[in-house]
Amino acid sequence: KERGRNRAELFEAAMSLAQQSHARIAQDLRYALPRSELTVHYQPVIHLPTGHVTSVEALLRWQRGGRSPIPPEVFVPVAEETGLIRPIGTWVLREACRRGRHWHDTLAKAGTLSVAVNVSGRQLTDPHFPDTVRQVLHDTGFPPASLVLEITESTLVTDADTTAAHIRALRDLGVRISIDDFGTGYSSLAYLRDLPADIVKIDQSFVLKGSSDASQSLIQAILQIGHALDLDVIAEGIETPLQAQRLHALGCPHGQGFYYSPPMAPQALEAYLTTQASSHPPPHTAVRGRR
Ligand code: C2E
Ligand code: MG
Ligand code: MG
Ligand code: MG
């Protein structure tokens, strides 16, 4: 029911958006940062064999004063077109690293927690981007090894040379690179060959339709590629215990999705982290007698 309502809200937001001019969104977005309308929510990523939270993904939220929220799928592209994604993206990065450092300092269970931040093409090709990341890590004291930058294949299409150079510079800092929405682009395999990545995220379309033979085979193939290239694998969009069980049985090491938790405000995430060890046993232990 909760999810149904979220979907309805999303639909409403999309509809109301369609009635507004693109320019209005762009205009409002310019004031989103100074008016403190942006927040970052965090979704846990679970180690499927143990049920432990190993990382969280930072996801941007925009609450325009007094009006219906606009989903990132709608406003992030506008931010990219207008160039606002650079200041906004830097703010998200700083916010996530600051929060990550705070969790490392205050939560016993969060000692090695990683934080993943989504990065768009216009950020990645910004000549200052590697320096910005270095500066934010320095200012916040967040360990580079705990930061993951998520990039999508569409991000990688724009300026391959700059992108590759920046990814190398970032990895030299100790930051890890994750390929988001893997399997939905046109040249997934070429990117894995050419770019030094650390993690692949299986797109949720494969996971949500995971009961079909084709999806199962594709998930298995991605897991094999991950194994062959020494990449960690995270399955996105796990919504049911059955999906979690199947992925675990296939040997998928990590997963995230509404089954475990939706993205949450920082305080809710903190509460989740302090209680999660008991509330989410690994999927295979749910099968009676297997333990
Ligand atoms: P993404 O990076 O692939 O993030 C995963 C999306 O799936 C999130 O949507 C998350 O809320 C949603 N999700 C998580 N679990 C489930 C599930 O079990 N089922 C379903 N159906 N969905 C699930 P969200 O937060 O609306 O973000 C959408 C996209 O917007 C992100 O996709 C990312 O591409 C972009 N985005 C979000 N925050 C940022 C940001 O700070 N910077 C940039 N550049 N892009 C961002
Ligand atoms: Mg992502
Ligand atoms: Mg994704
Ligand atoms: Mg996505």
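Worth saying up front: this structure is predicted, and the values here are computed from it rather than measured. (Residues numbered from 1 in each chain as written. Chains lettered and ligands numbered in written order. Predicted model: local features only at pLDDT ≥ 70, side-chain atom pairs only at ≥ 80, totals over all residues. Heavy atoms only, no water.)

1. Let's talk about the sheet that holds strand E7 (residues 232–235)
Around the barrel, which closes on itself, the eight strands sit in the order E1-E2-E3-E4-E5-E6-E7-E8 with mixed pairing between neighbours. Across the sheet, helix H4 (residues 85–106) touches strand E1 (38–47), strand E2 (52–62), strand E3 (114–118) and strand E4 (147–152), and the angle it forms with E1 is around 55°. (Pairing = 2+ DSSP bridges. Helix = DSSP H or I, 4+ residues; strand = E, 2+ residues; numbered from the N terminus. Contact = heavy atoms within 4.5 Å. Axes fitted to C-alpha atoms, helices over the stretch in contact; angles between N-to-C directions.)

2. Looking at the pattern of salt bridges
Tallied over the entire structure, the rule returns 13 salt bridges. Across the salt bridge formed by Arg-94 and Asp-139, the nearest N and O atoms sit 3.1 Å from each other. Within this pair, whereas Arg-94 is found in helix H4, its partner Asp-139 is found in helix H6 (residues 129–140), the two being separated by 45 residues in sequence. Two residues, Lys-201 and Glu-236, come together in a salt bridge whose shortest N-O distance is 3.9 Å. On the criterion of sequence distance, the pair formed by Lys-201 in strand E6 (residues 199–202) and Glu-236 in the loop between E7 and helix H12 (241–250) is long-range, its members being 35 residues apart. Each of Glu-57, Glu-150, Lys-201 and Glu-236 takes part in a single network of salt bridges with overlapping partners. (Salt bridge = Lys/Arg side-chain N within 4 Å of Asp/Glu carboxyl O.)

3. Brief notes about the coordination of the magnesium ion (ligand 3)
Protein coordination at the magnesium ion (ligand 3): the donors are Asp-180 (OD), Asp-181 (OD), Glu-236 (OE) and Glu-236 (OE), at 2.0 to 2.4 Å from the metal. We note that the donor set of the magnesium ion (ligand 3) lies within a single chain, spaced as D-D-x54-E. Distance-wise, the magnesium ion (ligand 2) is placed 4.2 Å from the magnesium ion (ligand 3), both being coordinated by Asp-180. For Asp-180, a relative accessible area of 5% gives the class buried. (Donors = N, O, S within 2.8 Å, 3.2 Å for Na, K, Ca; no water. Buried < 20%, exposed > 50% of the residue type's maximum accessible area, 1.4 Å probe, protein only.)

4. Considering the site of ligand 1
In the vicinity of ligand 1, 23 residues are found, and the nearest of them are Arg-61, Asn-118, Asp-180, Glu-239 and Phe-258. A distance of 3.3 Å separates a nitrogen atom of ligand 1 from a polar atom in the side chain of Gln-204. Side-chain polar atom of Glu-236 to an oxygen atom of ligand 1: 3.3 Å apart, as the coordinates give it. Of all the elements in the fold, those that place two or more residues in the shell around ligand 1 are E2, helix H3 (72–82) and strand E5 (176–182). The residue makeup of the shell around ligand 1, split by class, is eight nonpolar, seven polar and eight charged. (Near = heavy atom within 4 Å. Polar contact = N/O pair within 3.5 Å; in protein donor to acceptor, adjacent residues only side chain to side chain. Nonpolar A, V, L, I, M, F, W, Y, C, P; charged D, E, K, R; others polar.)

5. Considerations on the side chain of Gln-243
Secondary-structure assignment places Gln-243 in helix H12. When sequence neighbours within four positions are dropped, the list of residues in contact with Gln-243 reads Val-207, Leu-208, Gly-237 and Ile-238.

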